[in-house]
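# Breakdown of the fold
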Amino acid sequence: MLDSRVIMDESAIRRALTRIAHEMVEKNKGIQGCVLIGIRTRGVYLARRVAERILDIEGHPIAVGELDITRYRDDRPYSPEASNSVPDEVLKHLVKDKRIILFDDVLYTGRTIRAALDALMDCGRPQSIQLAVLVDRGHRELPIRPDYVGKNVPTSRHEKIDVSLSEIDESDCVTILHPREAEVGR
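Please read all numbers here as calculations on a predicted model, not as lab measurements. (Residues numbered from 1 in each chain as written. Predicted model: local features only at pLDDT ≥ 70, side-chain atom pairs only at ≥ 80, totals over all residues. Heavy atoms only, no water.)

Within the protein chain one finds six helices and eight strands. Classification of the 186 residues of the protein chain by burial places 46% in the buried group. Partitioning the intrachain contacts of the protein chain with sequence separation of at least 6 by distance along the chain shows that 71% fall at a separation of at least 24. When the accessible surface of the protein chain is split by element, carbon and sulfur atoms take 47% of a total near 10000 Å². (Helix = DSSP H or I, 4+ residues; strand = E, 2+ residues; numbered from the N terminus. Buried < 20%, exposed > 50% of the residue type's maximum accessible area, 1.4 Å probe, protein only. Contact = heavy atoms within 4.5 Å. Areas by Shrake-Rupley, 256 points an atom, 1.4 Å probe, with all protein chains shown as cover.)

Okay, here's the thing in structure tokens:
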């Protein structure tokens, strides 16, 4: 059994994404040559939301792509049926010589990001890659650090972060799930 607590509601997520959009525009001195790439599934929706905010800020659209990292993961067996990758030509066009801003919902060990970096490099050689995440929960196993963070949430390894987005989950919130005390020692 898990106890849960909402750590970001809809307005907190909206504010965090707006702040991230402003930080991206400032760091890159505009959006010229930048592309947002969302890691499936929730990273794609977050990247699209940030793209909308950048359009409001800059008055120009920013390209958004999606990345399926299924076959690059080292923690799950690869199944060709499980991967519906975007055609390589589309990503190759988006990636080559661009400043890529990779987006994911939660950064934990860094293994998902490592897989995403491998997938991106197979698509072409970007000018640079930056990382944006809605939640950074710590516990890195690889030397990966985000450039843009919606919220830092120190967690224990027993806890879980759950991101819900209205596009697929009917509501927007980030919840931390705690195991009950009696279950931690098991």
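Time to look at the sheet that holds strand E4 (residues 99-107). With parallel pairing, the five strands of this open sheet are ordered in space as E3-E2-E4-E5-E6. Two strands lie at the open edges of the sheet, namely strand E3 (63-67) and strand E6 (148-152), each paired on one side alone. Strand-to-strand twist of the sheet, defined as the mean angle between neighbouring strand axes without regard to direction, takes the value 25 degrees. Direction of pairing for E4 relative to strand E5 (residues 128-136): parallel, over a ladder of eight bridges. Paired with Val 106 across the strands is Val 135, a residue of E5. Packing against the sheet, helix H1 (residues 10-27) makes contact with strand E2 (34-39), E4, E5 and E6, and its axis sits at approximately 150 degrees to E6. Against the sheet, helix H2 (residues 42-58) touches E2, E3, E4 and E5, its axis set at about 150 degrees to E2. (Pairing = 2+ DSSP bridges. Axes fitted to C-alpha atoms, helices over the stretch in contact; angles between N-to-C directions.)

Moving on, we get to the packing of aromatic side chains. On inspection of all chains with the given rule, the structure shows zero aromatic pairs. The lysine or arginine in question, Arg 137, covers the ring of Tyr 108, its NZ or CZ lying 3.9 Å from the ring centre. (Phe/Tyr/Trp six-rings, centres within 6.5 Å; stacked < 30°, edge-to-face > 60°. Lys NZ or Arg CZ within 6 Å of the ring centre and 35° of its normal.)

Moving on to unusual backbone geometry. Here the amide bond leading from Arg 40 into Thr 41 is cis, since omega sits at 10 degrees, within 30 degrees of zero. Mapping Thr 41 onto the fold places it in the loop between E2 and H2. The backbone phi angle of His 139 is positive, close to 70 degrees, even though this residue is not glycine. Here His 139 lies in the loop between E5 and E6.

Looking now at the pattern of salt bridges. Two side chains carrying opposite charge are able to pair once their charged atoms lie near each other. One pass over the full model with this rule turns up 14 salt bridges. Here Glu 141 ties to Arg 111 by a salt bridge, and the two come within 2.7 Å at their closest N and O atoms. Separated by 30 residues along the polypeptide, Glu 141 in the loop between E5 and E6 and Arg 111 in helix H4 (residues 111-123) bring together distant segments of the chain. Looking at Glu 141, the relative accessible area reads 41%, which means it is partly exposed. Across the pair Arg 140 and Asp 136 runs a salt bridge, and its minimum N-O distance is 2.9 Å. Look at the salt bridges and you will find they share partners, linking Asp 74, Arg 111, Arg 114, Asp 118 and Glu 141 into a network. (Salt bridge = Lys/Arg side-chain N within 4 Å of Asp/Glu carboxyl O.)

What follows deals with the nonpolar core. Met 24, Leu 36, Ile 54, Phe 103, Leu 134, Ile 161 and Val 174 are the most contacted members of the largest nonpolar core, which has 32 residues in total. Examining the composition of this core, we find that eight residues originate from one element, H1, more than from any other. In this structure, Met 24 is in contact with Gly 30, Leu 36, Val 50, Ile 54, Ile 101, Phe 103, Ala 132 and Tyr 148, ignoring residues within four places of it in sequence. Ranked by size, the runner-up nonpolar core spans 22 residues in total, among them Leu 94, Val 95, Leu 102 and Val 149. (Core = buried A, V, L, I, M, F, W, Y, C linked by side-chain atoms within 4.5 Å.)

Okay, the UniProt feature "short sequence motif: PRPP-binding" (unreviewed entry) in the protein chain next. Residues given the UniProt feature "short sequence motif: PRPP-binding" (unreviewed entry) here are residues 100-112. Along residues 100-112, the helical share is 15% and the strand share 62%, with 16 Å between the first and last C-alpha atoms. (UniProt positions renumbered as here; feature names shortened; annotations may be inferred.)

As a further point, take the environment of Arg 114. Inspection of the secondary structure assignment puts Arg 114 in helix H4. A C-alpha to C-alpha distance of 9.5 Å links Arg 114 and Asp 74, two positions 40 residues apart in sequence. Beyond its immediate sequence surroundings of up to four residues, Arg 114 is in contact with Tyr 72, Arg 73, Asp 74, Leu 142 and Ile 144.

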